[in-house]
Amino acid sequence: MNLGEVVSALNDFASLSLAESWDNVGLLVEPSPPHTVNTLFLTNDLTEEVMEEAVQKAADLILSYHPPIFTPLKRVTWKTWKERLVVQALEHRIGIYSPHTAYDAIPHGQSCTVFSGACTSIPLHPSTAPSYPAEGTHRVEFCADNNEHLDTVLSKIKGIQEISCLSTLPARVEGEEQTRVSLSCSQKALLEVVALLSQNSLLYHKTEILVLQKPLLPHTGMGRLCTLSEPVSLSDIIKRIKSHLKLPHVRLAVGTGKTLESPVKKAALCAGSGSSVLKGMEADLYLTGEMSHHDVLDAVANGISVILCEHSNTERGFLLELRDMLAIHLQNKINIIVSEKDRDPLQVA
């Protein structure tokens, strides 16, 4: 497959519109065209050791969950390790693609693989559709007498930019024949519309302004709240997590008033760094890679236990499932391999 086809398919698999606004996702490094992708190389973190492995395995495109280019690069030299990644990628004609938080949001995405057990789950922060149901962010509606003054007002409204879906319908208000005007507009245009209508108090007092909300996407969003089919003790949950993530150790903070034998019915999960996603959520347990010290203290004070597994340990297991899902999505047209050198930089000494 050519690079454009692969990137398009990856975007279809997980829309980049689901990524957080602060993120840097998509195709980050593009070799000069034409570029054919025979081997797709999956990694959680693109380090120099992983890049060397990708070169040895003749990768044509690297899918790195974490974007190796996040803050802007002012130059591309051999001086820093992230610059060297770009140099090596271009020299060996390897593209780099990063989905990051787009994979956090999709159904059966990153956070769904952190915990294994019989449970039902819903997103902690549901994602919304990329666009509003209609053009614009607000709908304005008002009624007026069907006269020359209304024609003048409508003419002025049509002169405002970012106005859409302007329509007029006959209406009966308090026994009088009137015209109901409806329009969609942007936040900027709304100010101009309100200023225009406020020049006529009769029109203005009959005006309704509705906020258009983007619809929620089912089963899509950041983090997951898992409700277990049967309560499980905190000590058993720890054993399950260590077995599932293949970790010899996890970090634990037991909630105030709780013990290792306390039952866990609801667990809030977030792969990677979970402070902002988990904060304020009602659950028996927070399970994530890392949290700030003060957020752990807040959770414990509220009787919520916290299990931390280190940042990328909660993400890396998704790669094996991703390999199988992408093989189907790409119709087995390319070879997909998972890095063997990719690992969390932290270990217990």
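Because the structure is a prediction, the values reported are computed rather than measured.

Undergrad: Any chance you could explain the sheet that holds strand β4 (residues 95-98) here in plain terms?
TA: Strand pairing in a sheet relies on backbone hydrogen bonds. The paired strands run either parallel or antiparallel. Read across the open sheet, the 5 strands follow the order β1-β4-β3-β2-β15; overall the sheet is mixed. In the strand order of this sheet, the two ends are held by β1 (26-29) and β15 (335-338), each with one partner. With direction set aside, neighbouring strand axes in the sheet form an average angle of 25°. The sheet contact formed by β1 and β4 spans 3 bridges and is antiparallel. Paired with V29 across the two strands is I96, which belongs to β4. Lying on the sheet, helix α1 (residues 3-13) is in contact with β1, β3 (61-64) and β4; it crosses β3 at an angle near 20°.

Undergrad: In this structure, what is going on with the pattern of salt bridges? I would like to understand it.
TA: Close approach of charged atoms allows side chains of opposite charge to pair. Considering all chains together, one arrives at 13 salt bridges under this definition. With a shortest N-O distance of 3.8 Å, E49 and R343 are connected by a salt bridge. You can see E49 sitting in helix α2 (residues 48-56) and its partner R343 sitting in the segment after β15, a full 294 residues away along the chain. In this structure, the salt-bridge partner of R180 is E141, at a minimum N-O distance of 3.1 Å.

Undergrad: Explain the side chain of E315 here, please?
TA: Relative to the helices and strands, E315 is located in the loop between β14 (305-308) and α11 (318-329). R316 provides the closest opposite charge to the buried, unpaired E315, separated from it by 6.4 Å. Of the polar contacts made by the side chain of E315, one reaches the side chain of H311; its length is 3.2 Å. When neighbours within four sequence positions are excluded, E315 is seen to be in contact with N44, Y65, H66, Q110, A271 and G272.

Undergrad: Sorry if this is basic, but what is going on with unusual backbone geometry here?
TA: For residues besides glycine, phi is generally negative; the peptide bonds are generally trans as well. In this model, P33 is joined to P34 through a cis peptide bond whose omega is -5°. As for its position among the elements, P34 is in the loop between β1 and β2 (39-43). Unlike most non-glycine residues, H100 shows phi in positive territory, near 40°. With respect to the helices and strands, H100 occurs in the loop between β4 and α4 (101-105).

Undergrad: How should I be thinking about the pairing of β2 in this particular structure?
TA: Remember that side chains alternate between the two faces of the sheet whenever the strand is regular. The buried count for β2 comes to 5 of 5 residues, which makes it a mostly enclosed element. Alignment of β2 against β15, held across 4 bridges, turns out to be parallel. Bridge pairing in β15 places L42 opposite V338. The pairing of β2 with β3 spans 4 bridges and is parallel.

Undergrad: What exactly am I supposed to notice about the pairing of strand β12 (residues 263-273) here?
TA: Two elements, strand β10 (residues 216-233) and β12, share 6 bridges in a ladder whose sense is antiparallel. Note that in β12 the partner of T227 across the bridge is K266. Where β12 lies against strand β13 (residues 285-290), 5 bridges are found, and the strand directions are parallel. If you follow S273 over to β13, its bridge partner there is E290.

Undergrad: Sorry if this is basic, but what is going on with the domain arrangement of the protein here?
TA: Accessible area lost upon the coming together of the parts serves often as the stated size of an interface. Domain assignment breaks the protein into domain 1 (3-103 + 315-338), domain 2 (106-128 + 219-310) and domain 3 (138-211). Computed over C-alpha atoms only, the centres of domain 1 and domain 2 are separated by 29 Å. Taken residue by residue, the interface counts 13 residues in domain 1 and 10 residues in domain 2. A combined buried area of about 980 Å² lies between domain 1 and domain 2, and 64% of that area is made up of carbon and sulfur atoms.

Undergrad: Explain the nonpolar core here, please?
TA: As a rule of thumb, nonpolar side chains are buried together in soluble globular proteins. Counting 47 residues, the largest nonpolar core has L40, L42, L63, Y103, Y286, L322 and L326 as the members making the most contacts within it. With 6 residues, α1 is the single largest residue contributor to this core. Two domains each donate at least three residues to this core, and these are domain 1 (3-103 + 315-338) and domain 2 (106-128 + 219-310). With residues up to four places along the chain from it excluded, the contact list for L40 reads L61, L63, L326, L330, I334, N335, I336 and I337. Ranked by size, the runner-up nonpolar core spans 19 residues in total, among them I237, A267, A271 and I307.

Undergrad: What should I look at first to understand the sheet that holds strand β11 (residues 251-253) in this one?
TA: Judged by pairing direction, the sheet is mixed, and its 6 strands sit side by side in the order β5-β10-β12-β13-β14-β11 without closing on themselves. For this open sheet the edge positions go to β5 (119-128) and β11, each flanked by a neighbour on one side alone. For this sheet, the mean inter-axis angle between neighbouring strands, taken without regard to orientation, is 25°. In the sheet, β11 pairs with β14 via 3 bridges, with the strands oriented antiparallel.

Parameters at a glance
Residues numbered from 1 in each chain as written. Predicted model: local features only at pLDDT ≥ 70, side-chain atom pairs only at ≥ 80, totals over all residues. Heavy atoms only, no water. Pairing = 2+ DSSP bridges. Helix = DSSP H or I, 4+ residues; strand = E, 2+ residues; numbered from the N terminus. Axes fitted to C-alpha atoms, helices over the stretch in contact; angles between N-to-C directions. Contact = heavy atoms within 4.5 Å. Salt bridge = Lys/Arg side-chain N within 4 Å of Asp/Glu carboxyl O. Buried < 20%, exposed > 50% of the residue type's maximum accessible area, 1.4 Å probe, protein only. Lys, Arg positive; Asp, Glu negative; His and termini not counted. Polar contact = N/O pair within 3.5 Å; in protein donor to acceptor, adjacent residues only side chain to side chain. Domains from an automatic or database assignment. Buried area = accessible area lost by both parts, 1.4 Å probe. Core = buried A, V, L, I, M, F, W, Y, C linked by side-chain atoms within 4.5 Å.

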